Amino acid sequence: MSIQKEDVYETEDLPEVDQPIAQEETYESEDVEKIHIDVDNALKRFQGRLLNADNVDFSDSIARRRRAGYGSGAYVLEVVGNECGEPENIEQKFNRLNYELNDLLEAIQKEDEEKKKETQTAKKVAVDESRYLKLEERLRRIETFVGTDAADDFSHTDTRVPFGEVIEELRLRVRALNPANADVICGRLNKLLAKMQEVNERRKEKIDSEFEKKVDSLYNLILKWDEICTNLPSVVQRICDLHKLHEQAQLFNKNLSELIGVRSQLLKLMDSERVTVVDFKQQMADAISRISMNIEKLQNRLQKLSA
């Protein structure tokens, strides 16, 4: 029996466990921003899009013609405006219009989806409302068929009792008719009757005491009015006399004020007359002194003439 050995090939590489792990490149500068790129998302986003570099011109030409960048056959990368010297070519117009039409179609589709959602919501609301109205109608029919008579049994009013309340009332009455609860109910009723009697007695006592207090207060008030009625004529006479006295006092006060006014006027007149008399005396004294001086002068002249 021959045993065939396997061929073994050796390599200089280390085993996978001992191989160094490749570390990501780190940037020490703060100005360099490292951005992680997802390859799958990038492929999905830019799938089927091409760049056209036929008319690329990044030279610093002195010509007035506008330099062209990269072009695309799938979407517009550059839109020529009115300020540009060159008009749009057919391809640029087609790409621009195609891009705008795609945007318009997307907007219309979104609006249609929103309208569909609104219509679906409105339909659901309408269906729910119709179901609710049907249930209300059925419940109203049951109440009109059963609830009116039951309501007349449980309450003596003309208002209708809902069917649910009637059933609950019947359930409570059936539970109350249980023989096991009869003794408890009787005991509670007896206690309630005793309390009601006690409350009525207290109320009567309170009413009687309040009535007696009111009668006493009215009697005392009547006694006071009797005394006032006996003294009323004399009080009225005194009030009339006092009124006359007040009128006379007012008249006297008026006359007194007039006399005071006349007195003040007379005093003013006397003061003015006194001033006039003083002036007159002064003038008379001056005149007499002048006359005496003139007489002396005249006598002196006569003496001179006689001499």
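Computed from a predicted model, the values in this text were never measured in an experiment.

S.K.: Before we go on, may I ask you to explain the overall build of the protein in this structure?
M.R.: Looking only at helices and strands, the protein features four helices and two strands. The N-to-C order of helical and strand elements in the protein reads α-β-β-α-α-α. Looking at the protein as a whole, 4% of its 307 residues are labelled buried. Taken as a whole, the protein presents about 30200 Å² of accessible surface, with 56% of it coming from carbon and sulfur.

S.K.: What should I look at first to understand a nonpolar patch on the surface in this one?
M.R.: On the surface, Ile-185, Leu-189, Leu-192, Leu-193 and Met-196 cluster together to form a nonpolar patch covering roughly 440 Å² of accessible area. Secondary-structure assignment places Leu-193 in helix 4 (residues 182-306).

S.K.: Is there a simple way to explain the pattern of salt bridges in this structure?
M.R.: One pass over the structure, following the stated rule, counts two salt bridges. The partner of Glu-111 in a salt bridge is Lys-115, and the shortest N-O contact between them spans 3.8 Å. Of the two residues, Glu-111 and Lys-115 both sit in helix 2 (residues 90-154), four residues apart, roughly one turn of that helix. Glu-111 gets classed as partly exposed once you look at its relative accessible area, which sits at 42%. Note on Lys-115: relative accessible area 46%, which makes it partly exposed.

Cut-offs and rules
Residues numbered from 1 in each chain as written. Predicted model: local features only at pLDDT ≥ 70, side-chain atom pairs only at ≥ 80, totals over all residues. Heavy atoms only, no water. Helix = DSSP H or I, 4+ residues; strand = E, 2+ residues; numbered from the N terminus. Buried < 20%, exposed > 50% of the residue type's maximum accessible area, 1.4 Å probe, protein only. Areas by Shrake-Rupley, 256 points an atom, 1.4 Å probe, with all protein chains shown as cover. Patch = residues over 30% accessible without salt bridge, like charges linked within 9 Å, V, L, I, M, F, W, Y side chains within 5 Å. Salt bridge = Lys/Arg side-chain N within 4 Å of Asp/Glu carboxyl O.

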